[in-house]
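# Remarks on the overall topology
One-letter residues, chain by chain:
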Amino acid sequence: MRALFIYYRVPAADAPAAEPHIRAAQSRLVAAHPSLMAELWRRPEEKDGLQTWMEVYRHPCGVSEALQAEIERAVGAATRWIVGERHVEVFVPCAS
């Protein structure tokens, strides 16, 4: 079961403009995939005027590669506010 953790930096001054776009994209994704869980987090501190944000995506069946591509397309328009790269990390649960 794959989960996505996508992190990047956003200028603090651009945060009020970027956040609604990312949240709207996440809302559209959840509407299209009702079991999808989408969250937006950020580090509490800023460094050099930048905030570090993280999008988290989970699905009971896992985030497939096709869904991952859909997530990338949906949130892609918000990249104009991103400084540097969007880092995509894929995690799976530890075996119990």
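The following refers to the structure shown. Everything quoted here is computed from the prediction, not taken from an experiment. Residue positions are given per chain, counted from 1 along the sequence in the order it is written. Reporting in this predicted model follows two pLDDT cut-offs: at least 70 for local features of residues, and 80 or more for side-chain atom pairs to be given and counted; totals over whole chains, interfaces and linings ignore these cut-offs and use all residues. Calculated side-chain values reflect all of the structure's heavy atoms, with hydrogen atoms and water omitted.

### Quick notes on the packing of aromatic side chains
Only Phe, Tyr and Trp rings are paired, with Trp represented by its six-membered ring, and only when their centres lie within 6.5 Å; those with planes under 30 degrees apart are stacked, over 60 edge-to-face, the remainder tilted. Across all of its chains, the model carries two aromatic pairs by this definition. Each ring, one from F5 and one from F91, has its centre 5.4 Å from the other, and the planes form 80°; the classification is edge-to-face. With F5 in strand 1 (residues 3–11) and F91 in strand 4 (residues 83–91), this residue pair connects regions lying 86 residues apart in the sequence. Burial status follows relative accessibility: with a 1.4 Å probe on protein chains alone, a residue under 20% of its type maximum counts as buried, one over 50% as exposed, and anything between as partly exposed. According to the relative accessible area criterion, F91 is partly exposed, its value standing at 48%. Under the DSSP-based scheme used, a helix requires at least four consecutive residues in state H or I and a strand at least two consecutive residues in state E, with every element numbered from the N terminus.

### Section: helix 1 (residues 15–32)
The periodicity of an α-helix, 3.6 residues per turn, causes residues three or four positions apart to be oriented the same way. When the terminal C-alpha atoms of helix 1 are compared, their 26 Å separation across 18 residues agrees well with the 26 Å that a helix rising 1.5 Å per residue should span. Restricting attention to buried positions, one finds in helix 1 the residues A15, A18, I22, A25, Q26 and L29. When helix 1 is viewed along its axis, its buried side chains cluster within an angular range of 105° and face the same direction. The exposed residues of helix 1 that point more than 90 degrees off its buried face are P16, R28 and A31. The contact criterion used throughout is that any non-hydrogen atoms of two residues lie within 4.5 Å. The inward-facing, buried residues of helix 1 abut strand 1, strand 2 (37–42), strand 3 (50–58) and helix 2 (65–75). How far a helix is expected to stretch is found by multiplying one less than its residue total by 1.5 Å. Relevant arc is that of directions from the helix axis to the C-beta atoms, nothing else.

Take it as geometry only, folks, not as evidence of what the structure does.
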